[in-house]
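Each chain, letter by letter, is given below.
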Amino acid sequence: RKQLAAVEEIRAFATNHLSLPGNESYGRYADLGREHVTWVLYAAPEFSLEPKTWWYPTLGKLDYRGYFREKDTEKLATKLKNEGYDVYTGGVDAYSTLGWLHDPVLNTFVDSADVDLAELIFHELTHRKYFRNGATAFNEALANAVAEEGVQRWLAFHGRKADLEKFRGRLVRRGQFYDQIDASRDQLKALYASGESEEVMRAKKKAIFASLQNSFRELRRRWGGRGLEGWLTTDLTNAHLVSVATYHHHVPVFQKLLADCGGDL
């Protein structure tokens, strides 16, 4: 009951203060009986950071493939790995139907802290408000920029100064994480364009990812020994970096645009 009441208030804030269609989604609840609503797959060639794309009716070309059943995702992952692709798969707790349906609150995310609920809802409502067909990185960066700004305005509106400072600290740590990702992306791009043999590139690629994980360990130490577990317990690939760049690489562009508009969403 507490969580659903929080969602109602977040919806109202989205409508009244963020120019988002908060009255058009999350007015009902559904229990799917599973941990995630969908599973997604990202793929990239062994020596490239260009994502493999898929075409969808009404949506155009997207940088990932999604399924409602995990086994379907794993089946495609196996096929692509056999074809030489780097592959990353993961569960997703929410997505937007872009106005085709009234999206419900789901068991997959209803138990999240209210700050996380707000960020998720503001993100998905941005997709409902505006979606550019075939432009995955554009859409996700826009939604992330609006969500991060929206949470800060929401917390400030309610006078939750301590939570606002905590959230801003989270954004700082996010930025530090993405800085390490971007540095590794630059190194890999230079490597893949170097013209060296595949054997040499394969060895240097492995070293770059090992260095990235060492950088993450240092971040964990600075943050107090928490976070980034998933990035330290798996073999990183191009597909992992593709999944991050898709959502965050262009966020600073939208942040500057918002500032240029005087903060007017």
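The rules behind these values
Residues numbered from 1 in each chain as written. Predicted model: local features only at pLDDT ≥ 70, side-chain atom pairs only at ≥ 80, totals over all residues. Heavy atoms only, no water. Helix = DSSP H or I, 4+ residues; strand = E, 2+ residues; numbered from the N terminus. Rg over C-alpha atoms; globule rule 2.2 N^0.38 Å. Buried < 20%, exposed > 50% of the residue type's maximum accessible area, 1.4 Å probe, protein only. Contact = heavy atoms within 4.5 Å. Lys, Arg positive; Asp, Glu negative; His and termini not counted. Charge placed at Lys NZ, Arg CZ, Asp CG, Glu CD. Phe/Tyr/Trp six-rings, centres within 6.5 Å; stacked < 30°, edge-to-face > 60°. Lys NZ or Arg CZ within 6 Å of the ring centre and 35° of its normal. Core = buried A, V, L, I, M, F, W, Y, C linked by side-chain atoms within 4.5 Å. 1 Å grid on protein atoms, 1.4 Å probe; cavity = no way out; pocket = protein on both sides within 12 Å on 5 of 7 lines; lining within 4 Å. Points joined across faces, edges and corners; volume = space filled by probe spheres on them. Nonpolar A, V, L, I, M, F, W, Y, C, P; charged D, E, K, R; others polar. Salt bridge = Lys/Arg side-chain N within 4 Å of Asp/Glu carboxyl O. Polar contact = N/O pair within 3.5 Å; in protein donor to acceptor, adjacent residues only side chain to side chain. Pairing = 2+ DSSP bridges. Axes fitted to C-alpha atoms, helices over the stretch in contact; angles between N-to-C directions. Expected span 1.5 Å × (residues − 1).

To continue, consider the overall build of the chain. Assigned secondary structure in the chain consists of 9 helices and 7 strands. By the compact-globule yardstick of 18 Å for 265 residues, the chain fits well, its C-alpha radius of gyration being 19 Å. Evaluated residue by residue, the chain yields a buried proportion of 45% over its 265 residues. Taking all contacts inside the chain whose residues are at least 6 apart in sequence as the whole, residues at least 24 apart take part in 70%. A distance of 1 Å separates the average location of the 36 positive side-chain charges in the chain from that of its 36 negative side-chain charges.

Okay, the packing of aromatic side chains next. Applying the stated criterion across every chain yields a total of 13 aromatic pairs. Linked through ring pairs, Phe 177, Tyr 178, Phe 216 and Trp 231 together constitute an aromatic cluster. Here the guanidinium or amino end of Lys 52 rests over the ring plane of Trp 54, the centre of that ring lying 5.4 Å away. Over the ring of Phe 138 we find Arg 132, and its NZ or CZ is 4.8 Å from the ring centre.

Let us look at the nonpolar core. In terms of nonpolar packing, the biggest core is built from 33 residues, with Phe 109, Phe 122 and Trp 154 touching the most fellow members. Element by element, the count of residues in this core is highest for helix 4 (residues 136–157), at 8 residues. Those residues in contact with Phe 122 that sit more than four places away from it in its chain are Ile 10, Phe 13, Ala 14, Leu 18, Leu 20, Ala 147, Gly 150, Val 151 and Trp 154. By size, the runner-up hydrophobic cluster in this structure holds 20 residues, among which are Leu 191, Leu 232, Leu 236 and Leu 241.

So, about the layout of surface pockets. Of the voids in this model, the second largest pocket is the one considered here, and its volume is about 400 Å³. Looking at the second largest pocket, it is lined by 19 residues, and the ones nearest its centre are Leu 142, Val 146, Phe 254, Leu 258 and Leu 265. Of the residues forming the lining of the second largest pocket, the biggest block, 6 residues, is contributed by helix 4. Of the residues assigned to the lining of the second largest pocket, the class counts are 11 nonpolar, 4 polar and 4 charged.

Turning to the side chain of Glu 140, a few remarks are in order. Assignment of secondary structure puts Glu 140 in helix 4. Buried Glu 140, no salt bridge; nearest opposite-charge side chain is Arg 174, N-O distance 12 Å. A distance of 3.0 Å separates polar atoms of two side chains, one belonging to Glu 140 and the other to His 123. Leave out the neighbours within four places in its chain, and Glu 140 touches Tyr 64, His 123, His 127, Thr 246 and Tyr 247.

Let us now look at the pattern of salt bridges. Following the criterion strictly, the structure yields 19 salt bridges and no others. Across the pair Glu 83 and Lys 79 runs a salt bridge, and its minimum N-O distance is 2.7 Å. Residue classification places Glu 83 among the partly exposed positions, given a relative accessible area of 46%. Here Arg 221 and Glu 218 are joined by a salt bridge, their closest N and O atoms 2.6 Å apart. Placement of the pair is Arg 221 and Glu 218 together in helix 6 (residues 198–223), with a separation of 3 residues, close to one helical turn.

Taken in spatial order, the 3 strands make up an open sheet running 5-2-6, and their pairing is antiparallel. The strands lining the two open edges of the sheet, one partner per strand, are strand 5 (65–67) and strand 6 (85–92). For this sheet, the mean angle separating the axes of adjacent strands, direction not counted, is 20 degrees.

Here helix 4 is 22 residues long and its end C-alpha atoms lie 31 Å apart, about the 32 Å a rise of 1.5 Å per residue gives. Where burial is concerned, most of helix 4 is hidden: 17 out of the 22 residues are buried. Looking one or two places after helix 4, you find Gly 159, whose phi comes out positive at around 70 degrees.

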